[in-house]
Amino acid sequence: MKKTRNKQRKLSPVLKKVLHQDGRKLRWLSDETHINYQRLQRLVNQGYEPTLSEAAKIANTVGKPIDVLFPSEDLSKAIAAAVQWRLREQE
């Protein structure tokens, strides 16, 4: 898996804020999502972009939309492509 880093802006502030408001820690998120703790640290503290499946797991676990937690143009394009693919498969 290729690790990409968003150098223009960090993606973590929203996720960090949501976890803090809920009184949750990264360890809890790791246990709930089955995403490696160190990987989550990189996402939150170093600005790495999550994969689409990681973003979906995290968003589902914390109850927030993906685009709110991870406001990334690349991630938005990936979501749009996945939705279009799913719609074609259903036809």
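Residues numbered from 1 in each chain as written. Predicted model: local features only at pLDDT ≥ 70, side-chain atom pairs only at ≥ 80, totals over all residues. Heavy atoms only, no water.

Section: the pattern of salt bridges
Any two side chains of opposite charge can pair, given that their charged atoms come close.
Logical step 1: Summed over the entire model, instances satisfying the criterion amount to one salt bridge.
Logical step 2: R39 is the partner of E54 in a salt bridge, and the nearest nitrogen-oxygen pair spans 3.0 Å. A residue pair is termed long-range when its members are at least 10 positions apart, and E54 in helix α4 (residues 52-62) and R39 in helix α3 (residues 37-45) qualify at 15 residues. The two residues E54 and R39 agree in class, both being buried. (Salt bridge = Lys/Arg side-chain N within 4 Å of Asp/Glu carboxyl O. Helix = DSSP H or I, 4+ residues; strand = E, 2+ residues; numbered from the N terminus. Buried < 20%, exposed > 50% of the residue type's maximum accessible area, 1.4 Å probe, protein only.)

Quick word on the packing of helix α2 (residues 26-33) against α3
Two numbers describe a pair of packed helices, the interaxial angle and the distance between the axes.
Logical step 1: At a minimum axis separation of 9 Å, α2 and α3 run at an interaxial angle of 120°. On the basis of their axis angle, the class for α2 and α3 is oblique. For α2 against α3, the interelement crossing comes out right-handed. Here L26, R27, L29, S30 and T33 of α2 come into contact with α3, specifically with Y37, L40, Q41 and V44.
Logical step 2: Counted by class, the contact of α2 with α3 contains five nonpolar, three polar and one charged residues. (Axes fitted to C-alpha atoms, helices over the stretch in contact; angles between N-to-C directions. Parallel < 35°, antiparallel > 145°, perpendicular 65-115°, else oblique. Left-handed = near helix turned anticlockwise from the far one by under 90°. Contact = heavy atoms within 4.5 Å. Nonpolar A, V, L, I, M, F, W, Y, C, P; charged D, E, K, R; others polar.)

Looking at the nonpolar core
Logical step 1: In terms of nonpolar packing, the biggest core is built from 18 residues, with L15, L29, L40, I58, V62, L69 and F70 touching the most fellow members.
Logical step 2: Within the residue set of this core, elements represented by two or more residues are α1 (12-22), α2, α3, α4 and α5 (66-69).
Logical step 3: Per-element tally for this core: the top contributor is α4, with four residues.
Logical step 4: Among residues more than four places away in sequence, those in contact with L40 are L26, L29, S30, T33, I35 and I58. (Core = buried A, V, L, I, M, F, W, Y, C linked by side-chain atoms within 4.5 Å.)

That is the geometry; function is a separate question.
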